[in-house]
Amino acid sequence: MFGKILIANRGEIACRIIRTARQMGIATVAVYSDADRDARHVAEADQAIAIGPAPARQSYLSIPALIAAAKASGAEAIHPGYGFLSENAEFAEACGEAGMVFIGPPAAAIRAMGSKAAAKALMAEAGVPLVPGYHGEDQSEARLAAAAAEIGYPVLIKASAGGGGKGMRIVTGAADFAASLASAKREAAAAFGDDHVLVEKYLERPRHIEIQIFADQFGQCVYLFERDCSIQRRHQKIIEEAPAPGLTPATRAAMGEAAISCARAVGYVGAGTVEFISAGGAFHFMEMNTRLQVEHPVTEMITGLDLVAWQLRIAAGEPLPCTQDQLAIRGHAIEARIYAEDPTRDFLPASGTIRYLAEPQTGPHVRIDSGVRTGDRVGVHYDPMLAKLIVWDHDRGAALARLRSALAAYALVGIRNNLALLRAIAGHPDFAAGAPDTGFIPRHPDLLAAPAAAPTPMVLAAAALHVLARRGAALTAETRASPDPASPWAARDGWRPWGRAAEDVHLRAGDGDHRIAALWQGEDAYRLTLPDGTTMETRGAWDGERLRLTCDGRQETLRVIEAEGTLVVLAEGGEYPLHAIAPDAASADEGAGDGRITAPIPGYVRGVPVAAEARVARGQTLVVMEAMKMEIALTAPFAGRVVEVAAVVGAMAEEGQELMVIAPEG
Ligand code: ADP
């Protein structure tokens, strides 16, 4: 076995590989770009080497930089993870030429499967069922259009070099063919430097079912059953499960055998996945991924095996650890991918800083493969997947219940993410019914309507107690420093010679403003009066960001996270962003009193209602930002004139970024 390996990747998969290597007593070398200096995978490896600037082409995709790092570290083998160079035959060869083992299949097998068209031709020869289609060399529009007509509409145009759903177009009729072909070719050329396409029948309501295979250098090959990856957005997976709901043992065995034929046809070694598309009881070869897949943990959970350990053993020249008849499925596993993206904006990737991250408790039923920690900055350079949550139980229903409760315990503040969508899917009766198809998300638009739920009284109470506790702490500090610390005027109980004063807590939520009157009742206890006149007797007990809230004889634990003036209250399954408006709001909201209007938190500029040279009144809205799911109006701290407009509608503003400058009148 190797003594030291280099991991030519980042994020969760680098952390995942490090974990197994460590268990096997193998030293690990991480690599990192300038953007990843403080990344989790760097901290977790035994050693880490800088490989270049943030853009992947100059770092994680640079073969010379990676080979140099491997040589400098003395690594004997390189694990490519997934993505980046994992399916790059030149990289596999470069490793060999540098005297290192590439932990993956032979370069020839990568090449054979690298082109979807060539792979299909090869699979047809090996007798593997294909979707009816054309994958020939003649790329003229006439030939491709004739093929489409022959196949019968709807058809799917796919980039032969494709991946990540790029260069893919559904064409419903001959009239649209030429335009769709041109745009698919443009996208393919831009993304892969190769505009070859194939045309195949577009299957309605298909399922994506793939088979995990493993082969050793001695000609042995086994399949580790299937994964159902039908829950997709933009033709890309977000939830995967194993086994596939409703798959019969006979179909499973037939798919497994077909996958083994694929592997044998290209002299495969190592971990690979053969993807099938299944419709109407039949299954067809789609492509083979010659690497470890993102969703490999569900296979690990139902087989009890460590696929990274298998990869390492096979790369080191060991035979497969078991035979097909020693493999069995145990229980059911589901994986949900947590992405920094905005499901309500066509899944646009998001960037930002993770202000708060809470993960569910892990154990035999719940696993988390994550590449991030609180405080990490998620940039625009790499894939926006942050982590994976994997659950296991004896059957699908129990696994689904685990998924729901684990997702409810997950919290991620500071960056747009798909947790609400994942919760909505996990809670949807149609998903619980089983055997979803790839059209599940598009067919259920209600899943995406992330409602800006009005805060409940418990949520308002939690936020109010938080604000009051902050104020109290500030006041205590002030009192201690004052010349008369014993003054009753400074006491927290709101003492006044004419009685007690109620404090005003002003909260802005997605549904509008809430002003709460709070009357001190004793240590951390307040009588709160909501805008509708309801009163609540409340008491809070804090444990970090956790608040045990007692409210009229009812107790609940909520979490209140503060990030630059925004409070996020996490209550049962819900997330409520609130903006606490300071009593002296004019100066609190708009940054410095010097006329510089800056972004209080990272967010998008949604409106700039005033132009340069405009005269503005005190309190007039200058810039409207959208951050943490709510609108924030930045207003003029004083009357004056706009001297500079830096804000651009639609652009992302970093925290503290200058958006506008106004100068006082006269
Ligand atoms: P990529 O390599 O770009 O990810 P794939 O060939 O793996 O593309 O296909 C991605 C997804 O697109 C599949 O999981 C499936 O949902 C959909 N898809 C692919 N081929 C077809 C088809 N012939 N009919 C319907 N959907 C398809």
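Our subject is the structure listed above.
Residues numbered from 1 in each chain as written. Predicted model: local features only at pLDDT ≥ 70, side-chain atom pairs only at ≥ 80, totals over all residues. Heavy atoms only, no water.

J.: Mind showing me how you'd approach the overall build of the protein chain here?
T.: Each helix and strand counted, the protein chain has 17 helices and 41 strands in total. On the principal axes, the C-alpha backbone points of the protein chain span a range of 95 × 55 × 55 Å. Counting only residues that meet the buried cut, the protein chain has 53% of its 666 residues in that class. At a minimum sequence separation of 6, the contacts of the protein chain that also span at least 24 residues come to 61%. Only carbon and sulfur atoms are counted for the fraction: they give 53% of the accessible area of the protein chain, which is about 26,900 Å². Each charge sign in the protein chain was given a centre, from 63 positive and 80 negative side chains, and these centres are 1 Å apart. (Helix = DSSP H or I, 4+ residues; strand = E, 2+ residues; numbered from the N terminus. Buried < 20%, exposed > 50% of the residue type's maximum accessible area, 1.4 Å probe, protein only. Contact = heavy atoms within 4.5 Å. Areas by Shrake-Rupley, 256 points an atom, 1.4 Å probe, with all protein chains shown as cover. Lys, Arg positive; Asp, Glu negative; His and termini not counted. Charge placed at Lys NZ, Arg CZ, Asp CG, Glu CD.)

J.: Where do I start with helix α12 (residues 396-409) in this structure?
T.: Three- or four-residue spacings in an α-helix give side chains the same orientation, since the helix completes a turn every 3.6 residues. Across its 14 residues, α12 extends 20 Å between first and last C-alpha, which sits within 8% of the 20 Å expected from 1.5 Å per residue. Along α12, the residues that are buried comprise R396, A399, L400, L403, A406 and L407. Taken around the axis of α12, the buried residues stretch over an arc of 130 degrees, which confines them to a single face. For α12, the elements touching its buried residues are β12 (236-242), β15 (332-339), β20 (366-370), β22 (385-393), α13 (419-426) and α14 (429-432). Sitting at the amino-terminal end of α12 is D395, which places a side-chain oxygen 3.2 Å from the backbone nitrogen of G397. (Expected span 1.5 Å × (residues − 1). Arc of directions from axis to C-beta. Polar contact = N/O pair within 3.5 Å; in protein donor to acceptor, adjacent residues only side chain to side chain.)

J.: Got a minute to help me understand the side chain of T28 in this structure?
T.: Its location among the elements puts T28 in strand β2 (residues 27-33). Not counting chain neighbours up to four residues away, the residues in contact with T28 comprise I5, I7, I18, A21, R22, A45, D46 and Q47.

J.: Which parts of the structure should I look at to understand the side chain of H444?
T.: Looking at where H444 falls in the secondary structure, it is placed in the loop between α15 (440-443) and α16 (457-481). The exposure class assigned to H444 is buried, which follows from its relative accessible area of 10%. Polar contacts involving the side chain of H444 include one to the side chain of D430, which spans 2.7 Å. In contact with H444, not counting residues within four places along its chain, are H428 and D430.

J.: Quick question: what am I supposed to make of the nonpolar core here?
T.: Note that soluble globular proteins tend to have their nonpolar side chains buried in a common cluster. Counting residues in each nonpolar core, the largest one holds 96 residues, and the members touching the most others are I5, F276, F285, L389 and I425. Listed in part, the 30 residues of the second largest apolar core include F91, A94, A107 and I110. (Core = buried A, V, L, I, M, F, W, Y, C linked by side-chain atoms within 4.5 Å.)

J.: What is the right way to look at the sheet that holds strand β7 (residues 155-159) in this model?
T.: Strand pairing in a sheet relies on backbone hydrogen bonds. The paired strands run either parallel or antiparallel. Strand order in this open sheet of four strands is β6-β9-β7-β8, and the pairing throughout is antiparallel. What marks the edges here is a single partner per strand, and that holds for β6 (133-134) and β8 (169-171). Relative to strand β9 (residues 197-201), β7 runs antiparallel, the two sharing five bridges. Along β9, the bridge assignment pairs I157 with V199. Contacts from helix α7 (residues 141-151) reach β6, β7 and β9, with the element oriented near 15 degrees to β9. (Pairing = 2+ DSSP bridges. Axes fitted to C-alpha atoms, helices over the stretch in contact; angles between N-to-C directions.)

J.: Looking at this structure, how should I read the pattern of salt bridges?
T.: Note on pairing: side chains with opposite charge can pair once their charged atoms come close. Applying the stated criterion across every chain, the model contains 47 salt bridges. Linking R37 and D34 is a salt bridge whose minimum nitrogen-to-oxygen distance equals 3.7 Å. Ionic pairing is found between R233 and E341, a salt bridge with its closest N-O pair at 3.0 Å. Taken together, the residues span a long stretch of sequence, with R233 in strand β11 (residues 221-233) and E341 in strand β16 (residues 341-342) at a distance of 108 residues. For R233, a relative accessible area of 7% corresponds to the buried category. Among the charged side chains, a network of salt bridges with common partners joins E210, R227, K237, E240, E275, E295, E335 and R337. (Salt bridge = Lys/Arg side-chain N within 4 Å of Asp/Glu carboxyl O.)

Purely geometric numbers; function is a separate question.
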